[in-house]
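Chain residues, written in single-letter form:
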Amino acid sequence: MGIVFDIQRFCVNDGPGIRTVVFLKGCPLKCQWCHNPESNSIKRQLYCEWNRCVHCGTCGAVCGQRVHEMDQGAHRIRFSGCALCGACVEACPQGALGVYGRERSAGEVVAEVLKDYDYYEDSGGGVTISGGEPMAQADYARELSGALKGAGLHVCMETSGFAPWEAYQRLLPDVDLFLFDYKATGEELHRRLTGVGHGLILTNLRLLLEAGKNVRLRCPIIPGYNLSEEHLRAIAGLSRSGVSAVEIIPYHDMGKGKAKNIGSSLYLSDVRTPEQAEVERWIDDIVRYGGIRIFQA
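Rules of the game
Starting afresh in each chain, residues are numbered from 1 along the sequence in its written order. Confidence filtering applies because this is a predicted model: local features only for residues at pLDDT of at least 70, side-chain atom pairs given and counted only at 80 or more, and all residues used for totals across whole chains, interfaces and linings. To obtain the side-chain values, all non-hydrogen atoms of the structure were included, while hydrogens and water were left out. For this analysis, a salt bridge means a side-chain nitrogen from Lys or Arg found within 4 Å of a carboxyl oxygen belonging to Asp or Glu. Secondary structure elements are defined from DSSP: runs of H or I of at least 4 residues count as helices, runs of E of at least 2 residues count as strands, and each element is numbered from the N terminus. The cut-offs for exposure are 20% and 50% of the maximum accessible area for each residue type, with area from a 1.4 Å probe on protein chains only; residues under the lower value are buried, those over the upper are exposed, and the others partly exposed. Each direction from the helix axis to a C-beta atom contributes to the arc, which is the arc of those directions. In this description, contact between two residues means that some pair of their heavy atoms is separated by no more than 4.5 Å. We score Asp and Glu as negative and Lys and Arg as positive, and we do not count His or the chain ends. Here a polar contact is taken to be a pair of N or O atoms separated by no more than 3.5 Å, where protein atoms must pair a possible hydrogen donor with a possible acceptor and residues adjacent in sequence count only if both atoms sit in side chains. Any residue with an atom within 4 Å of a point lines the site, the site being either a cavity, points on a 1 Å grid over the protein atoms alone where a 1.4 Å probe fits but cannot get out, or a pocket, an open set with protein on both sides within 12 Å along at least 5 of 7 lines. Grid points are joined across faces, edges and corners, and a volume is the space filled by probe spheres set on the points. Asp, Glu, Lys and Arg are counted as charged, while Ala, Val, Leu, Ile, Met, Phe, Trp, Tyr, Cys and Pro are counted as nonpolar; the rest, among them Gly, fall into the polar class. Pairing between strands is defined by DSSP: at least two bridges between the two strands are required. Definition used in this section: a nonpolar core is a set of buried Ala, Val, Leu, Ile, Met, Phe, Trp, Tyr and Cys residues joined via side-chain atoms within 4.5 Å. Axes here refer to lines fitted to C-alpha atoms; in helices the fit is confined to the stretch in contact. Angles between the N-to-C directions go from 0 to 180 degrees.

Caption draft 1: Region of interest: the pattern of salt bridges. With the rule as written, the count across this model stands at 16 salt bridges. Among the ionic pairs, Arg 218 bridges to Asp 14, the shortest N-O distance being 3.6 Å. Here Arg 218 is found in strand S11 (residues 214-221), whereas its partner Asp 14 is found in the loop between strand S1 (2-11) and strand S2 (19-24), with 204 residues between them in sequence. The burial state of Arg 218 is the same as that of Asp 14; both residues are buried. Among the ionic pairs, Asp 71 bridges to Arg 76, the shortest N-O distance being 3.1 Å. Classification of Asp 71 by relative accessible area gives partly exposed; the value is 35%. For Arg 76, a relative accessible area of 45% corresponds to the partly exposed category. If you follow the salt bridges from partner to partner, you end up with Asp 14, Glu 158, Arg 216, Arg 218 and Glu 247 in one network.

Caption draft 2: Highlighting helix H10 (residues 254-261). Looking only at H10, the buried set comprises Gly 255, Ala 259 and Asn 261. All buried residues of H10 fall inside an arc of 155° around its axis, so they share one side. Buried-residue contacts for H10 involve strand S3 (45-48). A positive backbone phi angle near 75° is found at Gly 263, which sits one or two residues after H10.

Caption draft 3: The arrangement of the side chain of Lys 213 in detail. Relative to the elements of secondary structure, Lys 213 occurs in the loop between helix H8 (199-210) and S11. Despite its burial, Lys 213 pairs with no opposite charge; the closest candidate is Asp 176, at 6.0 Å N-O. There is a polar contact of 2.7 Å between the side chain of Lys 213 and the backbone oxygen of Leu 172. Not counting residues within four places of it along the chain, the set of residues in contact with Lys 213 comprises Leu 172, Val 175, Phe 178 and Leu 208.

Caption draft 4: Region of the structure containing the layout of surface pockets. There is about 920 Å³ of room inside the largest pocket. His 35, Asn 36, Glu 158, Ile 249 and His 252 are, among the 35 residues lining the largest pocket, the residues nearest its centre. With 3 residues, S11 is the largest single contributor of residues to the lining of the largest pocket. The residue inventory of the lining of the largest pocket, partitioned by class, reads 15 nonpolar, 12 polar and 8 charged. Its residues assigned to classes, the lining of the second largest pocket shows 5 nonpolar, 2 polar and 2 charged.

Caption draft 5: Representation of the pairing of S3 within the structure. Taking every second residue as pointing to the same face, both faces of S3 are buried, with Gln 45 and Tyr 47 on one and Leu 46 and Cys 48 on the other. One ladder, built from 4 bridges, connects S3 with strand S6 (residues 97-100); its direction is antiparallel. Each bridged residue has a counterpart across the sheet, and for Tyr 47 the counterpart in S6 is Gly 98.

Caption draft 6: Examining the nonpolar core more closely. Membership of the largest hydrophobic core comes to 53 residues, with the highest contact counts inside it found for Val 22, Met 135, Leu 144, Leu 148, Phe 178, Ile 235 and Ile 248. Not counting residues up to four positions away in its chain, the partners in contact with Val 22 are Val 4, Asp 6, Ile 7, Val 109, Val 113, Val 127, Thr 128, Ile 129, Ser 130 and Leu 144.

Caption draft 7: Quick peek at the sheet that holds strand S13 (residues 294-296). With respect to topology, 9 strands assemble into an open sheet ordered S7-S1-S2-S8-S9-S10-S11-S12-S13, the strand pairing being mixed. Looking at the sheet topology across the chains shown, the edges are occupied by strand S7 (102-104) and S13. Neighbour to neighbour, the strand axes of the sheet diverge by 30° on average, direction disregarded. Note that S2 and strand S8 (residues 126-130) share 5 bridges and pair parallel. Counterpart to Thr 20 in the pairing with S8 is Val 127. Seen against the sheet, H8 touches strand S10 (177-181) and S11 and runs at an angle of roughly 155° to S10. On the sheet, helix H11 (residues 276-288) packs against S11, strand S12 (245-250) and S13 and is oriented at approximately 170° with respect to S13.

Read these as geometric descriptors, not functional statements.
This is the structure:
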C-alpha cells in the first residue's frame with residue numbers, strides 16, 4: 001500500500017497529452033516555494049480550509065486530543081497532536097476539515113485511472129506519478145509504475161532526482177519519461193534552498209541519460225533565490241546534455257494557502273509572481289547562453 005494524497009484527472013502540463021497525475025506523499029527536500037506543501041510529510045495529516053471555517057467550535061467538542069481550541073472566538077489547531085481519528089472531519093458542518101493522504105494499493109489506483117483510457121489513447125497521454133517525491137516511496141513507485149505500464153499506459157515520473165540510483169534502476173523499464181527537477185546551481189546554494197546537496201541529483205541525471213531514458217528538465221525560477229546568470233547558464237548547458245527539452249517554471253504562490261491549511265510556516269513570503277515579460281527574458285538569456293529546446297511550462 002502507498003500513501004496517495006491526490007489523483008487529478010485531465011491534466012495537460014505534466015507530460016504529453018491528457019494525463020492523470022497521481023500524487024504520492026513524502027519528500028526529502030524542503031523547498032520553500034513548494035506548491036504541494038501537503039506532500040512534504042510521508043504521513044497522513046489533518047488540514048483545515050480556513051476560508052470555510054466559521055469558528056463554530058463543533059470540532060473541539062468531539063476532539064478527544066484537544067487539538068482544536070477556541071480562543072476568543074478564533075479557531076486554533078494544534079496539528080502535531082492530531083491522532084487522525086477523523087471525528088472532527090465528520091462533525092464539521094462546513095466541510096472545512098479533512099485528511100491529506102490515503103492508503104491505496106497499486107491495483108486500486110490503476111483501476112481508477114483506467115476510467116479515462118480513451119482520453120489517453122486519443123491524445124497520446126497517460127499517467128504521471130508525482131508528489132512530493134515519488135521515490136520517497138520507492139517500492140510503491142516501482143509497483144505502481146509496473147502496474148500502469150502493464151495496463152498499456154504511457155508512464156511519466158516527476159522527480160527531484162534525490163534517491164539512490166539503484167531505486168531508479170528498478171523502474172527504468174516502466175517509466176517512459178522522467179520530468180526531472182533542476183532547482184539551483186551550486187552545492188551550497190542548493191543545500192540552503194532545498195535542504196540537500198545536488199551531487200546525487202546530478203549523478204542520477206547523468207545516469208538516466210546514459211541509460212537512454214527520455215528526460216525532460218524542469219526548472220523552477222524564484223527571483224531573489226535561485227535566479228542568477230550562473231543558474232541560467234547552467235540550465236543552458238544541461239539543455240545540451242541529452243535531455244529532450246527544458247521547462248522553465250516561474251514562481252507562483254499556489255502553495256501558500258495550502259501551507260497555512262496544515263499549520264506550516266515553510267513558505268516564502270517575500271517573492272512576487274514574475275511578469276510574463278520577465279519570464280520571456282529569462283528564456284531569451286538561456287537561449288543566448290546556448291540553450292536549446294527551452295519553453296515555459
